[in-house]
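The residues making up each chain are set out below.
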Amino acid sequence: MEKGTLVEFRVQGDRRLGVVDRPDGKTRWFVVDERGQSHSLAPRQITYTVNGQTYKPSEIASFLQQVQPYLDPSSLEVAWELLVEDGETVTPSQMANLLYSESAAPHSYAAYCLLSEDKLYFKQKGEAYEPRTAAQVAERQHQIEVESLKAKGQQEFLARVEQALKGEAVEWQRHDRQRLEGLEKYAALMADIVRMGVNYDSLARAYPPGAPVLETMTMLGRSATPQAAFQLLIDLGWWSPHENLFLRRSSIPVQFPHKVLEVAQQRLDFPPTDLDANRLDLTHLKVYTIDDESTTEIDDGLSWELLSDGRQRLWVHIADPTRWLVPEDELDLEARKRGSTVYLPTGMIPMFPEVLATGPMSLVQGRISCALSFGIVLETTGAVADYSIHPSLIKPTYRLTYEDVDEMLELGVEAEPEIEAIANWAKQRKSWRYHQGAISINMPEAMIKVKDGEISIDILDDSSSRQLVAEMMILAGEVAARYGQTHNIPLPFRGQPQPELPPDEELLLLPAGFVRACAMRRCMPKSEMSITPVRHAGLGLATYTQATSPIRRYSDLLTHFQLKAHLRGEILPFSAEQLKEVMMNVTSTTQEVTMVERQTNRYYALEYLRRHPEQVWQITVLMWLREDSNLALILLEDIGLQLPMTFKRSVNLGEQLLVKVGLSDPQKDMIQFQEIMYQESLVSGN
């Protein structure tokens, strides 16, 4: 090229003009721009050459001033309309003649600038430019419009994000919600970190983000990892710092579909015909419902009556939700999908819509309620002497808490002799079951509650009242199963294989109390579901089914469907094979529910300990998890938590020690304790 030739080149994508000064080696040229800066350029870096005359660097600004008036992108549309029919290519010089009726250097360069920047009407073909077809232009216009709208949407989203990050109220739009819901799914992968025990980096590599998540995180200047997405959602106020990822990662529905809520309201407004028209009227009986104070789904009540022949009859009344639904309707299928009510420290997720579950399905004090009542006469030993089962009408007399009943039993309240009578029969039943081989394992159970951000942990007390209710529910379950067995009715029977417990001489070597109970618990096999009767070794019963929580457990609801149909003399709603299939699906669902409940409880247990770093805890060493590395399971006696701890010295099972929390990270499911000496505990004020 001749010295003084004006050329265009790009610097970091920016268009720039320069004047050729001299060669730089065999192929490169030194080019000086209008600022006097020299650039060494290869031929491929030169994007346009201004022909016709030579220039000095100082003349570049003047040249650009001459070009500026002709840079009107809209003029290309006119030229395209003239050229599109023939589809002929055009050079910048020819375009200049077409647009400006002359092709001097400034005009040709202006035409080149328009053509090279154009994304709509023309496409480059060698040194010339070819008009796109009408269809291509229409498609390009659509793409440009979409991209423009997308860019606008992104800017508006970023503005709302800035608002949210400042703590201001934000009205998220539909597209925002789609973005944030995508982030939710990706952030919920953190639950897998806990479940699989992998580290964050490994998980991020195993689950790379999808394009929308990657775009959002990049746009906001954050790394595209599950934990970064989790933190972003917290920062935006979209999630709480303690968002339940286990629940989000599960298939457990949190909300009811609109259709199901509509059906529930219709059943409430227009009750369906009661299939059990001849219910036994038991409204004359005094009925006690006994629950925790916070219970809203009241599904069982107890009565006692003295018969004319001097015998005593116990009544176990169970809520009758099948009064409000039939197999395979919307309510039944939704309950089947859920499997059970989910109980979390933060609250419950019901199996049925609340308007029914806490309303007409529940046994509400002072209101006539439909029930399935089990009337049972026991032998003096506690064995079942006689029983009957009836769809019934009852009128709950008292709603009592466990604490109320404990107090009544302790004080011997004469006005309510029924309570004491039921309690005495419960003791007799328990004694009878243990004579039948029932196995008692008494370990403290922690009850974790979260309210207004505060976490409380109490030990679930195995009080007389709780034992009373438990025995009566087990009794009703035995009777339901015996009825099913006698009449060859397929039911979701529940059994437990006989455990192989350690021999007595081996148990005696272990410290009495929690350590022995823990050793026995390890030997207990899981309970099993079957459509045929099977022994339940743990309860000491030849046959057993759960029938006392039909508002909260779908398997109990199945028992009610089957029993009530048989009592009416109708064809059973579920054949053996149908029941087996439904039970398999429900069992899978309830296993997931149990896992989420367990993981959530553990999360809040660790969070509780994280908040009490200075608390000194008395612990008992329960069992070895890995004795070779001094990893043991310990019991925090005050709050009933069982957690792992690695000891730095030799300790014995049953040994009681004092510890503090060294590290507790609920999000990473990490807990570390450190043993403290007695003197340290005194200094700490404990």
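No experiment lies behind these values; they were computed from the predicted model shown.

(A) View of the sheet that holds strand 1 (residues 6–11). Overall, antiparallel pairing links the 5 strands, which are arranged 4-3-2-1-5 in an open sheet. Each edge of the open sheet is held by one strand with a lone partner, namely strand 4 (38–41) and strand 5 (46–50). Averaged over neighbouring strand pairs, the angle between their axes works out to 40° when direction is ignored. As defined by bridge partners, strand 1 adjoins strand 5 across 4 bridges and the pair is classed as antiparallel. Across the sheet, residue Val7 finds its bridge partner in strand 5, namely Thr49. Strands strand 1, strand 2 (14–24) and strand 5 of the sheet are contacted by helix 4 (residues 105–117), whose axis makes an angle of about 125° with strand 2.

(B) The arrangement of the packing of aromatic side chains in detail. A complete count under the given rule lists 14 aromatic pairs for this structure. Ring geometry for Phe63 versus Tyr109: centroids 5.8 Å apart, planes at 45°, classification tilted. Of this pair, Phe63 sits in helix 1 (residues 60–67) while Tyr109 sits in helix 4, placing them 46 residues apart in sequence. Neither Phe63 nor Tyr109 differs from the other in exposure class; each is buried.

(C) Inspection of the sheet that holds strand 21 (residues 617–626) at higher detail. Strand order in the open sheet formed by 5 strands is 23-22-21-24-25, with antiparallel pairing between adjacent strands. Of all strands in the sheet, those bounded by a partner on one side alone are strand 23 (641–646) and strand 25 (670–676). This sheet shows a mean twist of 45° between the axes of neighbouring strands, independent of strand direction. Summarising the sheet, strand 24 (residues 656–665) and strand 25 pair through 7 bridges and their orientation is antiparallel. Residue pairing for strand 25: Lys660 is matched across the bridge by Gln674. Where helix 19 (residues 514–523) meets the sheet, it contacts strand 21, strand 22 (631–636) and strand 23, and its direction lies at approximately 35° from that of strand 21.

(D) Spotlight on a negative patch on the surface. Together, Glu293, Glu403, Asp404, Glu407, Glu410, Asp461 and Asp462 line one region of the surface with negative charge. Following the sequence through the fold, Glu407 ends up in helix 15 (residues 402–411).

(E) Up close: the nonpolar core. Within the largest apolar cluster, 59 residues are counted, with the highest numbers of intra-cluster contacts made by Leu609, Trp617, Ile619, Leu636, Leu641, Phe647 and Phe673. It is helix 21 (residues 576–610) that contributes the most residues to this core, 8 residues altogether. Not counting residues up to four positions away in its chain, the partners in contact with Phe673 are Leu609, Ile634, Leu636, Leu643, Pro644, Met645, Val659, Lys660, Val661 and Gly662. The next biggest cluster of nonpolar side chains, apart from the first, holds 36 residues, and it includes Leu302, Phe374, Val479 and Ile489.

(F) Up close: the packing of helix 12 (residues 258–269) against helix 13 (residues 330–338). The N-to-C vectors of helix 12 and helix 13 enclose an angle of 130°; their axes lie 9 Å apart at closest approach. Taken together, the axes of helix 12 and helix 13 lie oblique to each other. The two elements helix 12 and helix 13 meet at a crossing, and its hand is left-handed. Along the contact surface, helix 12 presents Lys259, Val260, Val263, Ala264 and Arg267, while helix 13 presents Glu330, Leu331 and Glu334.

(G) Representation of the packing of helix 13 against helix 21. At their nearest, the axes of helix 13 and helix 21 sit 7 Å apart, and the two run at 55° to each other. Relative to helix 21, helix 13 is oriented oblique. Residues Arg336, Lys337 and Arg338 of helix 13 touch helix 21, and the partners they reach there are Val582, Val586, Thr589 and Val593.

(H) Spotlight on unusual backbone geometry. With a phi angle near 80°, Glu328 is a residue other than glycine that sits in the positive phi range. Position of Glu328 relative to the elements: it lies in the loop between strand 11 (312–319) and helix 13. In this structure Glu328 comes out as partly exposed when scored by relative accessible area, which is 47%. Phi at Asn630 is positive, roughly 60°, even though this residue is not glycine. Within the element layout of this structure, Asn630 appears in the loop between strand 21 and strand 22.

Rules of the game
Residues numbered from 1 in each chain as written. Predicted model: local features only at pLDDT ≥ 70, side-chain atom pairs only at ≥ 80, totals over all residues. Heavy atoms only, no water. Pairing = 2+ DSSP bridges. Helix = DSSP H or I, 4+ residues; strand = E, 2+ residues; numbered from the N terminus. Axes fitted to C-alpha atoms, helices over the stretch in contact; angles between N-to-C directions. Contact = heavy atoms within 4.5 Å. Phe/Tyr/Trp six-rings, centres within 6.5 Å; stacked < 30°, edge-to-face > 60°. Buried < 20%, exposed > 50% of the residue type's maximum accessible area, 1.4 Å probe, protein only. Patch = residues over 30% accessible without salt bridge, like charges linked within 9 Å, V, L, I, M, F, W, Y side chains within 5 Å. Areas by Shrake-Rupley, 256 points an atom, 1.4 Å probe, with all protein chains shown as cover. Salt bridge = Lys/Arg side-chain N within 4 Å of Asp/Glu carboxyl O. Lys, Arg positive; Asp, Glu negative; His and termini not counted. Charge placed at Lys NZ, Arg CZ, Asp CG, Glu CD. Core = buried A, V, L, I, M, F, W, Y, C linked by side-chain atoms within 4.5 Å. Parallel < 35°, antiparallel > 145°, perpendicular 65-115°, else oblique. Left-handed = near helix turned anticlockwise from the far one by under 90°.

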